[in-house]
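Results of the structural survey
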Amino acid sequence: MKKRNLSDNFMKLFIILSSIITLGTMIWILIYVISNGIAHVSWEFLTEFQEGQIEGGIFPYIISTLYIIFITILIATPIGIFSAIYLVEYAKPGKIVRIIRFATESLAGIPSIVFGLFGLIFFVTMLGFRWSMLSGALTLSIMVLPTVVRTTEESLKAVPNIYREGSLGLGASKLRTIRKVILPSALPGILTAVILSIGRIIGETAAVFLTAGTAKALPKSIMDGGRTLSVHMYYLAKEGISMDKAYATATVLILVVIVINFIANKLASRLNKKNS
Amino acid sequence: MNNMKITVKDLNLYYGDFQALKNINIDIEERKITALIGPSGCGKSTFIKTLNRMNDLIEGVKIDGNVMLDGEDIYKDVDVIKLRKRVGMVFQKPNPFPMSVYDNVAYGPRSHGVKKKSILDEIVEKSLRSAAIWDEAKDRLKKNALGFSGGQQQRLCIARALAVEPEVLLMDEPTSALDPIATGRIEELTEDLKKEYTIVIVTHSMQQAGRISDKTAFFLLGDLIEMGDTKKIFSNPDDKRTEDYITGRFG
């Protein structure tokens, strides 16, 4: 009895310690970055910029980041969701499905720089899209597609089969069943897929600077290049231009991520409430 | 001579190599309650699903024989969507959709092209009344259906099935997940419903079959052993195996 208690307590200690380490590192990084950066974040830093001036504000980079997120999600989500619907609702289990699954899983494991090189050769050069928001977004779309497909697949599979039976049993068509019953139930999961994708897009540097370029200007159209916050940060730190500015940019980046996640969570819980 | 709503001839059903139904011949009378009884795995649930082709959803199912609804072969002459509109189903586990009570009941009619609000309102009220849940539901039409109790959910599912105005109602162990009081209400309800609908019910409970059904069919290991008037099956069955099952010697 005593022995059991001892090992129980040890286990508990280990679990608590692990949680503290995980949470602790995260908080430490956040505090470190923000405390170093927040002093340099000013209204001017956020809104001002001079064409070609790396020392100035980061306004164009914020816009580039949001721009690329928006287009990528616009391209990747419908394709990813439709593929997942095909895989879960239509495809007969067999060789083709196995091949598609294997392909998406492999795709997810490829380092982002490889996607960057592919985008550089295919979108930037061969299709002649140059370094642009479009090239960047297309490349990132391919990169986040596996995440969208897998996460959506899981949420579709989690929809209880009795809903499908109920709908089909009423004489509803398969398409209607998917649109009216299955997709609404799977929506929170699909939203998770989008949030995860946004996270990957924001954090990406290698694939972005190879395809969207590092232009220091505000992108005025989808065919203009631009640099995202992450790419900008990479340059600030690597070239030793200004560590202060790098931390300030990181602070803004963290805030952007927090705001996006907050909005997505609010949206998810609202959808959940409507559904249950 | 009573009217036969459904006539099943020489029906065989296979899951891959396994034969789940063997040469079934059954006539189902119009506006009567037909109960299907038998031990687990005897094929009664499989059989009821052949009547509205829900088995189509399962991979590797092969069916031969004829299932005639009003003289038309449902596997050859009838479009599956139209078939399921005519032959509705209530499932073992209450399965209201995660949407409002109103939308649940209106789901079927909307699927079949009814758009007008006034008509939908009418259908919803009528169906909920027929399923004896109007009093509980009328103030909660816009509320989510998952907030109902299990018994209420099952009656809501019956209302949902009735909303497409089926001719036949299939019930696959509709009370197995419910408490005795909720079960009693569903049983009462079936008595009312048989005035307008032909009902086929799968049940694990022989008492239930005895209480509510007019005809009883006894299945064992994929065979239909015996079918006849419920009174006769329960008091004086022809087959020894039926008697053994009913008296509780196995199952």
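The following paragraphs examine the structure supplied in this document. (Residues numbered from 1 in each chain as written. Chains lettered and ligands numbered in written order. Predicted model: local features only at pLDDT ≥ 70, side-chain atom pairs only at ≥ 80, totals over all residues. Heavy atoms only, no water.)

**Focus on the layout of surface pockets**
- Within this model, the largest pocket holds a volume of roughly 850 Å³.
- Lining the largest pocket we find 32 residues, and of these A:Glu89, A:Arg164, A:Lys174, B:Leu57 and B:Ile58 sit closest to its centre.
- Elements that contribute at least two residues to the lining of the largest pocket include exactly helix H3 (59-90), helix H4 (95-109), helix H6 (133-157), helix H7 (161-169) and helix H8 (174-203) of chain A together with helix H2 (80-86) of chain B.
- The residue makeup of the lining of the largest pocket, split by class, is 17 nonpolar, 4 polar and 11 charged. (1 Å grid on protein atoms, 1.4 Å probe; cavity = no way out; pocket = protein on both sides within 12 Å on 5 of 7 lines; lining within 4 Å. Points joined across faces, edges and corners; volume = space filled by probe spheres on them. Helix = DSSP H or I, 4+ residues; strand = E, 2+ residues; numbered from the N terminus. Nonpolar A, V, L, I, M, F, W, Y, C, P; charged D, E, K, R; others polar.)

**Digging into the sheet that holds strand E5 (residues 72-73) of chain B**
All names here are of chain B.
- Across the sheet, 4 strands lie side by side as E2-E1-E4-E5; this open sheet has antiparallel pairing. The sheet terminates laterally at strand E2 (18-29) and E5, the two strands that pair on one side only.
- In the sheet, strand E1 (residues 4-15) pairs with E2 via 8 bridges, with the strands oriented antiparallel. When the bridges of E2 are listed, Leu 11 appears paired with Ile 24. (Pairing = 2+ DSSP bridges.)

**Points about the side chain of B:Ser100**
All names here are of chain B.
- Locating Ser 100 in the fold gives a position in the loop between strand E6 (87-90) and helix H3 (101-111).
- According to the relative accessible area criterion, Ser 100 is buried, its value standing at 11%.
- Polar contacts involving the side chain of Ser 100 include one to the main-chain amide nitrogen of Asp 103, which spans 3.0 Å.
- Other than its neighbours up to four places away in sequence, Ser 100 contacts Leu 141, Lys 142, Lys 143, Asn 144 and Ala 145. (Buried < 20%, exposed > 50% of the residue type's maximum accessible area, 1.4 Å probe, protein only. Polar contact = N/O pair within 3.5 Å; in protein donor to acceptor, adjacent residues only side chain to side chain. Contact = heavy atoms within 4.5 Å.)

**Looking at the sheet that holds strand E3 (residues 33-37) of chain B**
All names here are of chain B.
- If you walk across this open sheet you meet the 6 strands as E6-E7-E8-E3-E9-E10, and the pairing is mixed. The open sheet has two edge strands, E6 and strand E10 (223-229), and neither has a second partner. Sheet twist, expressed as the mean angle between neighbouring strand axes with direction ignored, is 15 degrees. (Axes fitted to C-alpha atoms, helices over the stretch in contact; angles between N-to-C directions.)

**Comments concerning the pattern of salt bridges**
All names here are of chain A.
- Following the criterion strictly, the structure yields 32 salt bridges over all chains and no others.
- Among the salt bridges present, the one from Arg 150 reaches Glu 105, with a minimum N-O distance of 2.2 Å. In this pair, Arg 150 is assigned in helix H6 and Glu 105 in helix H4, connecting sequence segments 45 residues apart.
- The class for Glu 105 is partly exposed, based on a relative accessible area of 44%.
- Each of Arg 101, Glu 105, Arg 150, Glu 153, Glu 154 and Lys 157 takes part in a single network of salt bridges with overlapping partners. (Salt bridge = Lys/Arg side-chain N within 4 Å of Asp/Glu carboxyl O.)

**Things to note about H6(A)**
Residue and element names in this part refer to chain A.
- Its 25 residues place the ends of H6 34 Å apart at the C-alpha level, agreeing with the 36 Å of an ideal helix rising 1.5 Å per residue.
- Where H6 bends most, the angle comes to about 40 degrees, and this point is Val 144, followed within four residues by the proline Pro 146.
- For H6, the tally of buried residues reaches 21 of 25 residues, placing the bulk of the element in the interior. (Expected span 1.5 Å × (residues − 1). Bend = angle between axes of the 7 residues up to and from the residue.)

**Some words on the environment of A:Leu229**
All names here are of chain A.
- With respect to the helices and strands, the residue Leu 229 is situated in helix H10 (residues 229-238).
- On the accessibility criterion, Leu 229 (1% relative accessible area) is buried.
- Each C-alpha atom of the pair Leu 229 and Pro 60 lies 9.1 Å from the other, and the pair is 169 residues apart in sequence.

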